[in-house]
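Architecture and fold: a report
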Amino acid sequence: MCLAGMGPAPADGIRGSCAVKVPFTWKPTGWFMVGWSADIAPGTTKPMYYFGQHLVAYRTHEGVLHILDAHCRHLGAHLGHGGKVNGDCIECPYHGWGWGSDGENKYIPYEDRPNVSQQLKSWTVDERHECIFMWHDPFNGPPRWELPDIWTVIPHLPSSADDYYPAYPQLSVKYEKEPVHPQITLENAPDSVHFKYVHDATVDPVLIDWKADGPFYTSIAGWPLPNAKSPDGMAMKINGISCGVGGSFAIFEGSVHYRLVFFTTPIDDETSDMFYSIWWPRDAGDTSDEVPAAYRERAKTQFLTTLRDDLEIWRYQIYIETPAFAQQDARPYGALRKWAKQFYEVEPTQASTSG
Ligand code: FES
Ligand SMILES: [Fe+2]
């Protein structure tokens, strides 16, 4: 069953009484997920709206995806509504002007030469793991770091896409227009206590380790074995990697060992779209792309629900700048909030380039 696009409305129909007020921008710098690759077939286009800007994505017949500003420089038609893919270009539905993947005007069908003074912004795209990621920088700078590879990012758990069933559409869900800033979602990483209260964890998970490292904030949360003789005895661990404030990868280790991606992308200064995909390990010898029904059901009832549970908090939460931290929260939370500042309206020359 495809869950994408089926984010249910809350029971009272009210998603937060107003937009959450945060003391930082809704236009951070970094990688943000804007869709799943399978949703844009070769030769097709798709209108998008993120960071308060109208965009158009199109895929060439050779399969290369591009994202440009949406409005034609001639007379302002939206290229995502009726535009056609022509070679490397997207052709405007209004008078046929062709715009290249670099954003330059490449031809005007009824004139001898293009208008080279006209250019649309071309957004940098990184398609990987069935997902479309887009670099956003309010200063229009180039990408400052690469996203990690979800299969190799944890050195002692090497893997590959072949070891998992495809995540999309069967094990994916999208929640749209939620009143949630991306940083709020990442604050789950240092928060092991909420698993018990929000996600019904039957044991108390512990935050084993955390580190801010350039554009990445990594954390390891563990579920202790009931009768473990050593404090290191864990039934399960979650290795989390926040990649900028756009989102995170999580690699589960132990009693379950699926992997997931969870990204939150601002639409405007009040709402975000949320993308959540799970890669479930293949049964030995199964080469089908069809996720077995039992796994789909388990993912649907036990794992994809975690985002719904978190949203019940996030939709109504306010942002407290100086929280009444419990003792164990202060250092990892403080480190995450300090780390996140590098993505907010920092001149490119001052920003972190490590990682
Ligand atoms: S508005 Fe696009 S070609 Fe005229
Ligand atoms: Fe959570």
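Residues numbered from 1 in each chain as written. Chains lettered and ligands numbered in written order. Predicted model: local features only at pLDDT ≥ 70, side-chain atom pairs only at ≥ 80, totals over all residues.

In the nomenclature of an unreviewed UniProt entry, the protein is known as cholesterol 7-desaturase of freshwater metagenome. Recorded in UniProt under Sequence similarities (unreviewed entry), the annotation for the protein is "Belongs to the cholesterol 7-desaturase family." According to the UniProt record, the Cofactor (unreviewed entry) comment for the protein reads "Fe cation". (UniProt positions renumbered as here; feature names shortened; annotations may be inferred.)

Attention now moves to the overall build of the protein. If you tally the helices and strands in the protein, you get five helices and 18 strands. Once the C-alpha set of the protein is aligned to its principal axes, its extents read approximately 80 × 50 × 45 Å. Burial status across the protein gives 35% buried among its 355 residues. Relative to all contacts within the protein whose residues are 6 or more apart in sequence, the contacts with residues 24 or more apart total 57%. (Helix = DSSP H or I, 4+ residues; strand = E, 2+ residues; numbered from the N terminus. Buried ≥ 20, exposed ≤ 12 C-beta atoms within 10 Å, placed from the backbone. Contact = placed C-beta atoms within 7 Å.)

Once that is clear, we can look at the domain arrangement of the protein. Domain boundaries in the protein define domain 1 (32-125) and domain 2 (148-346). Taken over C-alpha atoms, the centre of domain 1 sits 34 Å from the centre of domain 2. The interface is formed by nine residues belonging to domain 1 together with 11 residues belonging to domain 2. Taken together, the elements giving at least two residues each to the side of domain 1 that touches domain 2 come down to β1 (30-36) and β2 (45-50). A per-element tally of the side of domain 1 that touches domain 2 places β1 first, with four residues. In terms of residue class, the side of domain 1 that touches domain 2 is built from eight nonpolar, one polar and no charged. (Domains from an automatic or database assignment. Nonpolar A, V, L, I, M, F, W, Y, C, P; charged D, E, K, R; others polar.)

A few words now on helix α4 (residues 305-314). Taken residue by residue, α4 has Leu307, Asp310, Leu311 and Trp314 as its buried positions. Within α4, the buried residues cover an arc of 105 degrees as seen down the axis, which keeps them to one side. Looking at the buried positions of α4, the neighbouring elements they touch are β12 (172-178), α1 (182-186), α2 (194-198), β17 (259-266) and β18 (272-279). (Arc of directions from axis to C-beta.)

Here we have four strands laid out as an open sheet, ordered β2-β3-β4-β9, and antiparallel in their pairing. Of all strands in the sheet, those with a lone pairing partner are β2 and β9 (122-123), marking the two edges. Pairing between strand β4 (residues 65-69) and β9: two bridges, direction antiparallel. Residue pairing in the sheet places isoleucine 67 in a bridge with tryptophan 123 of β9. (Pairing = 2+ DSSP bridges.)

Now for the UniProt feature "domain: Rieske" (unreviewed entry) in the protein. In the numbering adopted here, UniProt assigns the feature "domain: Rieske" (unreviewed entry) to residues 32-134. In the segment residues 32-134, helix accounts for 0% and strand for 43%; the C-alpha atoms at its two ends are 5 Å apart.

Taken together, the four strands give an open sheet; going across it, the order is β5-β6-β7-β8, and neighbouring strands pair in antiparallel fashion. Of all strands in the sheet, those bounded by a partner on one side alone are β5 (84-86) and β8 (105-107). The pairing of strand β7 (residues 98-99) with β8 spans two bridges and is classified as antiparallel. Residue pairing in the sheet places glycine 98 in a bridge with tyrosine 107 of β8.

Time to look at unusual backbone geometry. Residue tyrosine 168 is joined to proline 169 through a cis peptide bond whose omega torsion reads 5 degrees. Backbone geometry at histidine 129 places phi at a positive 55 degrees, although glycine is not the residue there. Inspection of the secondary structure assignment puts histidine 129 in the loop between β10 (125-128) and β11 (131-136). Judged by the 22 C-beta atoms lying within 10 Å of it, histidine 129 falls in the buried class. For lysine 177, which is not a glycine, the phi torsion comes out positive at approximately 55 degrees. Along the chain, lysine 177 falls in strand β12.

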